[in-house]
Amino acid sequence: MEYCNEEVRRQDRLLDEARARELLCGGEYGFLAMASAEGGYGIPVNYVADGDTIYIHCAPEGRKLRVIEGEPRVSFCVVGATRPVPEKFTTAYESVVVSGRARVVASDGERRHALELLVEKYSPEHAAVGAKYIDKSFHRTAVIAIDAERFSGKTKRV
């Protein structure tokens with residue numbers, strides 16, 4: 001995945017690559033944006049980053065999957081700490097935007113790996129119960145992988 005901030009208009013607000021990767025890996029949730037003939041579709045999701053791949057779990061049918069089937073190019077955004085600064089009429093923030101291609105994970109091995117990573121990220125103190133939960137709901141859980149191609153980071157410090 002290439003770190004590319006060339007298209008960021010405010011070059012004075014660039015987030016350094018190390019912090020951008022840290023935010024991408026540690027963010028609480030992300031926002032998946034997709035486009036289709038019917039229009040745009042965006043939704044907040046739990047996710048986990050694994051190298052250049054971002055994994056999202058979902059039901060085995062639904063709008064996300066239909067949209068991705070028709071147009072796999074997606075954008076994924078994670079926003080870190082934000083703080084309104086009312087007296088300056090602005091907000092301090094940091095964010096990362098990823099561009100890539102989404103796909104439904106076909107391999108049971110990769111799907112299980114993604115679900116284990118999600119449990120590790122969101123419920124590390126419940127790993128044993130999480131493994132049982134994965135086994136129980138594996139047949140009714142799909143995983144979307146975003147193969148990240150580029151990402152950029154931006155921040156405003158006040």
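These notes cover the structure that comes with them. The numbers attached to residues start from 1 for each chain and follow its sequence in the written order. Restriction of local features to residues with pLDDT of at least 70 applies here, the model being predicted, together with a cutoff of 80 or more for giving and counting side-chain atom pairs; totals for whole chains, interfaces and linings are based on all residues. Based on all heavy atoms of the structure, the side-chain values leave hydrogens and waters out of the count.

### Things to note about the overall build of the protein
Item 1. Scanning the protein from terminus to terminus reveals four helices and nine strands.
Item 2. Each radius of gyration is computed over the set of C-alpha atoms, and the globule rule expresses the reference value as 2.2 Å times the number of residues to the power 0.38. Computed over its C-alpha atoms, the radius of gyration of the protein comes to 17 Å, within 12% of the 15 Å expected for a compact globule of 158 residues.
Item 3. C-alpha extents for the protein along the principal axes are approximately 50 × 40 × 30 Å.
Item 4. A simple rule labels every residue: compare its accessible area, found with a 1.4 Å probe on the protein chains alone, to the largest value its type can have, and call it buried under 20%, exposed over 50%, or partly exposed in between. Among the 158 residues that make up the protein, the fraction classed as buried is 41%.
Item 5. To measure how exposed things are, a 1.4 Å probe is used in the Shrake-Rupley method; for residues, cover is taken only from the protein chains shown. In the form shown here, the protein has an accessible surface area of approximately 9,200 Å², with 51% of it arising from carbon and sulfur atoms.
Item 6. In the protein, which carries 23 positive and 24 negative side-chain charges, the distance between the mean positions of the two groups comes to 6 Å. Only DSSP runs of H or I covering at least 4 residues are called helices, and only runs of E covering at least 2 are called strands; the numbering of each starts at the N terminus. When charges are counted, Lys and Arg are positive and Asp and Glu negative, with His and the chain ends excluded. Taken as the charge location is NZ of Lys, CZ of Arg, CG of Asp or CD of Glu.

### Description of the pairing of strand E5 (residues 53-58)
Item 1. With five of its six residues buried, E5 lies for the most part within the structure.
Item 2. As paired strands, strand E4 (residues 48-50) and E5 are joined by three bridges and run antiparallel to one another. In the strand pairing of E5, Ala49 is matched with Ile54.
Item 3. Strands are labelled as partners when DSSP assigns at least two bridges between them. The turn linking E4 back onto E5 is made up of two residues, and Gly51 within it adopts a positive phi angle of 65°.
Item 4. Two elements, E5 and strand E9 (residues 142-156), share six bridges in a ladder whose sense is antiparallel. Directly across from Ile54, in E9, lies its bridge partner Ile146.

### Describing helix H4 (residues 127-137)
Item 1. What H4 keeps buried is the set Gly130, Ile134 and Ser137. Angular distribution of buried residues about the axis of H4 spans 85°; they occupy a single face of the element. Structural note: H4 exposes Ala128, Val129, Lys132 and Lys136 on the side pointing more than 90 degrees away from its buried face.
Item 2. Among the structural elements, helix H3 (108-122) are those in contact with the buried residues of H4. Working definition: the arc comes from the directions between the helix axis and the C-beta atoms, pointing outward to the latter. Residue contacts follow a heavy-atom distance rule, with two residues in contact if any of their heavy atoms lie within 4.5 Å.

### Digging into the environment of Val129
Item 1. Along the chain, Val129 falls in helix H4.
Item 2. Overall, Val129 belongs to the exposed group, its relative accessible area being 58%.
Item 3. Taking the C-alpha atoms as reference points, Val129 and Val119, separated by 10 residues in sequence, lie 9.5 Å from one another.

### Let's talk about the layout of surface pockets
Item 1. Cavities and pockets are found on a 1 Å grid laid over the protein atoms alone: a cavity is a set of points where a 1.4 Å probe fits but cannot escape, a pocket is an open set with protein on both sides within 12 Å along at least five of seven lines, and a lining residue has an atom within 4 Å of such a point. Grid points are joined across faces, edges and corners, and a volume is the space filled by probe spheres set on the points. Taken as a whole, the largest pocket holds about 340 Å³ of empty space.
Item 2. If you trace the largest pocket, you find 16 residues lining it, with His57, Leu115, Val119, Tyr133 and Ile134 closest to the centre.
Item 3. If you list the elements that add at least two residues to the lining of the largest pocket, you get E5, H3 and H4.
Item 4. Only Asp, Glu, Lys and Arg are considered charged, only Ala, Val, Leu, Ile, Met, Phe, Trp, Tyr, Cys and Pro nonpolar, and every remaining residue, Gly among them, polar. The class makeup of the residues in the lining of the largest pocket is nine nonpolar, six polar and one charged.

### Brief notes about the packing of aromatic side chains
Item 1. Aromatic contacts are taken between Phe, Tyr and Trp rings whose centres are within 6.5 Å, Trp giving its six-membered ring; a plane angle under 30 degrees counts as stacked, one over 60 as edge-to-face, and the others as tilted. Under the counting rule described, the total for this entry stands at one aromatic pair.
Item 2. Seen from their ring centres, Tyr47 and Phe76 are 5.0 Å apart, and the 70° between their planes marks the pair as edge-to-face. Of this pair, Tyr47 sits in the loop between strand E3 (39-45) and E4 while Phe76 sits in strand E6 (residues 73-79), and the two are 29 residues apart along the sequence.
Item 3. Look at NZ for Lys and CZ for Arg. If either is within 6 Å of the ring centre and within 35 degrees of the ring normal, a charge sits over the ring. Above the face of the Phe138 ring, Arg111 is positioned so that its terminal group lies 3.8 Å from the ring centre.
Item 4. One Lys or Arg, Lys121, reaches over the ring of Tyr47 and ends 3.6 Å from the middle of that ring.

### A short note on the pairing of strand E2 (residues 30-36)
Item 1. Sheet topology note: the E2/E3 ladder contains seven bridges and is antiparallel. Residue pairing for E3: Ser36 is matched across the bridge by Gly39.
Item 2. Bridge analysis of E2 against E6 gives three bridges, and the strand direction is antiparallel. Note on E6: the bridge partner recorded for Phe31 is Cys77.

Keep in mind these values describe shape, not function.
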